[in-house]
Amino acid sequence: MPHTQPMLDLSPKVSDEIRKTTCYMCACRCGINVHLKGGKVAYIEGNRDHPVNKGVLCAKGSAGIMQHNAPSRLRKPLRRVGPRGSGEFQEISWDDALSIACGWLENIRHDAPEKLAFFTGRDQSQSFTSFWAQNYGTPNYAAHGGFCSVNMAAGGIYTMGGAFWEFGQPDWDHTKLFLLFGVAEDHDSNPIKMGLGKLKERGAKVIGVNPIRTGYNAIADEWVGITPGTDGLFVLALIHCLMKAGKIDLDYLSRYTNAPVLLDQDTGLFLRDDDDKPLVRDRKSGAITAFDTAGIYPDLSATHDGHRTVFQHMADRYLSEDHAPEAVAERCGIPADRIRAIAAELARVAFDEAFEIEREWTDFRGEKHHKMTGRPVSMHAMRGVSAHSNGFQTCRALHVLQILLGTVEVPGGFRFKPPYPKPVEAHPTPHCAAQPDAALNGPHLGFVRGPEDLALKPDGSAARIDKAFTWENPMSAHGLMHMVISNAHAGDPYKIDTLFLYMANMSWNSSMNTGGVMEMLTDKDENGDYVIPHIIYSDAYSSEMVAYADLILPDTTYLERHDCISLLDRPICEADAAADAIRWPVVEPDRDVRGFQTALVQLANRMKLPGFTNEDRSPRWSDYADYIVNHERRPGIGPLAGYRGDGTQSGRGDANPEQLDRYIENGGFFVNHIPTGADYYKPWNMEYQNWAVGMGLFDSPQPYLFQLYVEPMRKFQRAAEGHGERQPPDHLRDRIMQTMDPFPIWYPPFEDDNVDTDDFPIHALTQRPMAMYHSWGSQNAWLRQLHGRNPLYVPTKLWNQHGFQDGDWARVTSAHGSIVVPVAHHGGLNENTIWTWNAIGKRKGAWALDEDAPEATKGFLLNHLIHELQPAKGDGLRWSNSDPITGQAAWFDLRVKIEKVTAPAECNPAFPPMQSPVGQGPTDLAWKVGK
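Computed from a prediction, not measured in an experiment: that's the story for all the values here.

*Asks:* Would you mind showing me how to read the sheet that holds strand S15 (residues 303-304) here?
*Replies:* Note on sheets: strands pair through backbone hydrogen bonds, and any given pair is parallel or antiparallel. Strand order in the open sheet formed by three strands is S12-S16-S15, and the pairing between neighbours is antiparallel. Each edge of the open sheet carries a strand with a single partner, namely strand S12 (262-263) and S15. The pairing of S12 with strand S16 (residues 307-309) spans two bridges and is classified as antiparallel. By the bridge assignment for S16, Leu-263 is matched with Arg-308. The sheet strands contacting helix H10 (residues 310-318) are S12, S15 and S16, and the helix crosses S16 at an angle near 75 degrees.

Quick look at the structure:
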């Protein structure tokens, strides 16, 4: 037979359709192209036109296809039929599920709406969920920020009107020295990786300050393996060195900060004029005048009737030898010479390598500038520095360091992303006045200006179940989600009826004291009733929390839903542009599930909640997509900024019924670039301020000063001293005085003082790996191949000290409990620090994994060692394991001891397997898409 060439398709079609949307495999919000074959997802790649990732896609984003098809997906609404924790459910209709939920919710709304505690995880729709809770009328709402990074956010906003990550970014194109503090690789990973690539390409220097050398720190030019919880001490030593050497930007401090503001020598409050504006002295005329008077040049060294400037008080504070490198080196674990060398490097790059851009701009005092001065030093930080009980002040110190160098909102430095910068005064204060059958009197969360803004009842008790905005945590801008279940179980400050959670795995990796929380969720009173009577939970997957709920509202995957990544919330902006985005159903669900936000709209419509209901009692919106397009937070201002009115208006404009279609046509996002000349000096640049008003970010220009000295904190101190109508309880006076210093300070993490550090000499930390995010990633079939288990990493000193070898196990003990886990050697650790990946360990039976899956037998959580309360210290009180200012969960204060043990069969503690409503997934995942 003659030879015939086989017919091979050497270029098979990847897909027959591409739909563009926004990734949700982490919080980057990258743009993705979803390739479909026969209407099913075949492949996911990055969208090269997207402003966030420009086509780059990480392992998580690529693995979204496995998340979308995960065997653990919930399939129908569920009603519990067995005991809580049993996992025994009955499938019901959506009509029945909404009827049950409304029955519980309406009963308490007619009587006492505060008996609903509604808390959400990382859902990125907080402007909507808070709107729902406000119209329901409960004061008990917040998202996950209280156990994530509220210290970073609040510390930044109170200091300079914004913070890192979603609030701003380094000037990657001009930075020459980049300091990275305490950042795990799962957050903002693609933009940071791209930025680090730019720095490496240009030969810029990267310094990583972190007890753990992985990810970003592994590619740093210099790694500083700091002792956990001492970052603030280290930063204040850098400030000491810079001030002593005179390497600070005096002109910048004079013009743009409250350094020249006069402090009343008797009260420590600002001297103010009749319009309540802080006073400065003009160096030109010598006049005492308001800080924003046209044409003035404020004097840093002014005195007036014995009153001195913030700057002079600051110099007294930080020039003290208490802050010298030699005084802090041992505690920080960093030699004094190295601290001085880093300070010298900061000074050299900021001042010796300063540059200018020929670009005119006009400041808020009317002065025209012909150049912009660049100081090419930038910084970034995240949970590693903020998840300590001293985290707020540490974050403040880090922001003050940037400001002293003049590296914020200048070329080469740290730059804000719209809608930031915003002064504290542009944010709401918290509201808590609940009344039957009425909306709450204002937004739940906000930024207090003083004791008058605390969320207290007339008798002084906490108005919120989490005790946010009380004397215990006065500036808790994101609430205290980690305290909700334990406070509700204790009935302190009061009992609740219904706990309503969304995508918050509070019975496992999102809670301290995990075993205790599971007991609280199942505990019964003397009548045999559950202490927390009703639990409603919404999730897309059969997580550990599902088994502890009474009613399950099954969510969609992110490829099956509408989402709004809004300027009202947490947008995808870059420093040069305002941007927002959507998700939309690129595929339809093959299960009886609904997007959670749509379920909330439907609940609101059944209950006829104000805000969701027209005057004729008809529903205002039918679903979440309807809400996104037609809701107006203020006239002309809606959830999405793009394609408003006739489709050509940006920021402000009437609702456009075709708005979502225009976003879809544009790849799922909208961008409006900041005009050249308005792109730097944003807090003081009137061209930017006017552009922001046009975009609807402000209703009027909001120029302000950076706050080196935070006056609201001094107001709380004065209350603790006995001034004012609202007074703290006596047992909190000393703590308020000591911790709420208006200048950044450092104090030891609370656990260091509450346990015997000789008995518990080791610091224990967790962080997320780059390939995982939340709990979702470690059920993902592709990502499990990267991290299917998580050993406890031990530094060389401790490894040798305990005689560990490969394959060994250890018992790790804290003041709260102990775990038995596998260990591994890690050469890139602070010598007194152990660590592991978080959220890898699973409970048997959850997530549709096999009961013997490595995540359940060789994976574990450090959460079992951490309590939501600090160890008892003999005063008859139990103090929250949180930052005393914001309530941020102090995950990283943990102290432990370690010992080698005989290897068991699996990690301890080991809990009984859970029964899952979706059963166990197949051994092998395989499916064919298309022909």
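Having seen it, we continue.
*Asks:* Could you clarify how one ought to interpret the environment of Ala-549 in this entry?
*Replies:* Summarising the element assignment, Ala-549 is placed in the loop between strand S22 (534-539) and strand S23 (551-554). Assessed through its relative accessible area of 0%, Ala-549 is described here as buried. Through-space distance from the C-alpha of Ala-549 to that of Gly-528 is 17 Å; in sequence the pair is 21 residues apart. Discounting residues that sit within four places of it in the chain, Ala-549 has contacts with Arg-80, Phe-89, Ile-535 and Tyr-537.

*Asks:* What am I meant to see in the sheet that holds strand S4 (residues 78-80) here?
*Replies:* Judged by pairing direction, the sheet is mixed, and its seven strands sit side by side in the order S5-S4-S23-S22-S21-S6-S7 without closing on themselves. Both outer strands of the open sheet, strand S5 (89-91) and strand S7 (141-142), are each paired with one neighbouring strand and no more. Two strands pair when backbone bridges link them, and S22 and S23 are joined in this way by four bridges, in the parallel orientation. Counted as the bridge partner of Ser-538 is Leu-553 from S23. Taken strand by strand, helix H3 (residues 94-111) contacts S4, strand S6 (116-120), strand S21 (498-502), S22 and S23, and its axis lies near 125 degrees from that of S23. Set on the sheet, helix H17 (residues 596-607) makes contact with S6, S21 and S22; between it and S21 the angle comes to about 145 degrees.

*Asks:* It is not clear to me how the packing of aromatic side chains should be interpreted in this structure. Could you clarify?
*Replies:* Ring pairs (aromatic) are described by centroid distance and by the angle formed between their planes. Counting across every chain of the model gives 50 aromatic pairs. On the basis of an interplanar angle of 35 degrees and a centroid distance of 5.8 Å, the ring pair of Phe-118 and Tyr-141 is categorised as tilted. Of the two residues, Phe-118 is situated in strand S6 and Tyr-141 in strand S7; the sequence distance between them amounts to 23 residues. Exposure remark for Tyr-141: the relative accessible area of 2% places this residue in the buried category. On the basis of an interplanar angle of 15 degrees and a centroid distance of 5.8 Å, the ring pair of Tyr-624 and Tyr-627 is categorised as stacked. In this pair, Tyr-624 and Tyr-627 are both assigned in helix H18 (residues 624-630), three residues apart and thus about one turn of the helix distant. Of the residues examined, Tyr-624 reaches a relative accessible area of 3% and is grouped as buried. A network of ring pairs unites the aromatic residues Phe-164, Tyr-252, Tyr-256, Trp-361, Phe-414, Phe-416, Tyr-681, Trp-684, Tyr-704 and Phe-706 as a single cluster. The ring of Tyr-136 is capped by Arg-109, whose NZ or CZ atom sits 6.0 Å from the centre of that ring.

*Asks:* I would appreciate a short explanation of unusual backbone geometry in the present structure.
*Replies:* Phi is mostly negative for residues that are not glycine, and the peptide bonds are mostly trans. A cis amide bond links Pro-418 to the next residue, Pro-419, at an omega of 10 degrees. Turning to its location among the elements, Pro-419 is positioned in the loop between strand S20 (414-416) and helix H15 (484-490). Following Asp-492, the chain continues into Pro-493 via a peptide bond in cis, with omega recorded as 15 degrees. You can see Pro-493 is positioned in the loop between H15 and S21. Of note in the backbone geometry, Trp-847 takes a positive phi value of approximately 65 degrees without being a glycine. You can see Trp-847 is positioned in the loop between strand S31 (833-837) and helix H25 (854-857). A relative accessible area of 3% places Trp-847 in the buried class.

*Asks:* Teacher, can you tell me more about the packing of helix H4 (residues 126-136) against H17 here?
*Replies:* A pair of packed helices can be characterised by two numbers: the angle between their axes and the separation between those axes. Relative to each other, H4 and H17 sit at 20 degrees, their axes nearing to 11 Å. The angle between the axes of H4 and H17 places the two elements in the roughly parallel class. The interaxial crossing formed by H4 with H17 has left-handed handedness. Contacts between H4 and H17 pair Phe-128, Thr-129, Trp-132 and Tyr-136 from the former with Phe-596, Gln-597, Leu-600, Val-601, Leu-603, Ala-604 and Met-607 from the latter.

*Asks:* Just to check I follow, could you spell out the side chain of His-323 for this structure?
*Replies:* With respect to the helices and strands, the residue His-323 is situated in the loop between H10 and helix H11 (325-332). You can call His-323 buried: its relative accessible area is 15%. Setting aside anything within four residues of it in sequence, one finds His-323 in contact with Leu-236, Ala-237, His-240, Arg-317 and Tyr-318.

*Asks:* Quick question: what am I supposed to make of the pairing of S23 here?
*Replies:* Note on strand geometry: in a regular strand, side chains alternate between the two faces of the sheet. Across the two faces of S23 the burial is the same, with Leu-551 and Leu-553 and Ile-552 and Pro-554 all buried. Strand direction decides the pairing type here: S4 and S23, joined by two bridges, are antiparallel. Bridge assignment links Arg-79 to a residue of S23, and that residue is Leu-551.

*Asks:* Sorry, what's going on with the packing of H3 against H17 here?
*Replies:* It is at 10 Å that the axes of H3 and H17 come closest, and there the two elements cross at 60 degrees. Considered as vectors, H3 and H17 are oriented oblique to each other. Like other packed secondary-structure pairs, H3 and H17 cross with a definite hand, here right-handed. Counting all contacts with H3, which are made through Trp-94, Asp-95, Leu-98, Ser-99, Ala-101, Cys-102, Leu-105 and Glu-106, the residues of H17 involved are Ala-599, Gln-602, Leu-603, Arg-606 and Met-607.

Rules used throughout
- Residues numbered from 1 in each chain as written.
- Predicted model: local features only at pLDDT ≥ 70, side-chain atom pairs only at ≥ 80, totals over all residues.
- Heavy atoms only, no water.
- Pairing = 2+ DSSP bridges.
- Helix = DSSP H or I, 4+ residues; strand = E, 2+ residues; numbered from the N terminus.
- Contact = heavy atoms within 4.5 Å.
- Axes fitted to C-alpha atoms, helices over the stretch in contact; angles between N-to-C directions.
- Buried < 20%, exposed > 50% of the residue type's maximum accessible area, 1.4 Å probe, protein only.
- Phe/Tyr/Trp six-rings, centres within 6.5 Å; stacked < 30°, edge-to-face > 60°.
- Lys NZ or Arg CZ within 6 Å of the ring centre and 35° of its normal.
- Parallel < 35°, antiparallel > 145°, perpendicular 65-115°, else oblique.
- Left-handed = near helix turned anticlockwise from the far one by under 90°.

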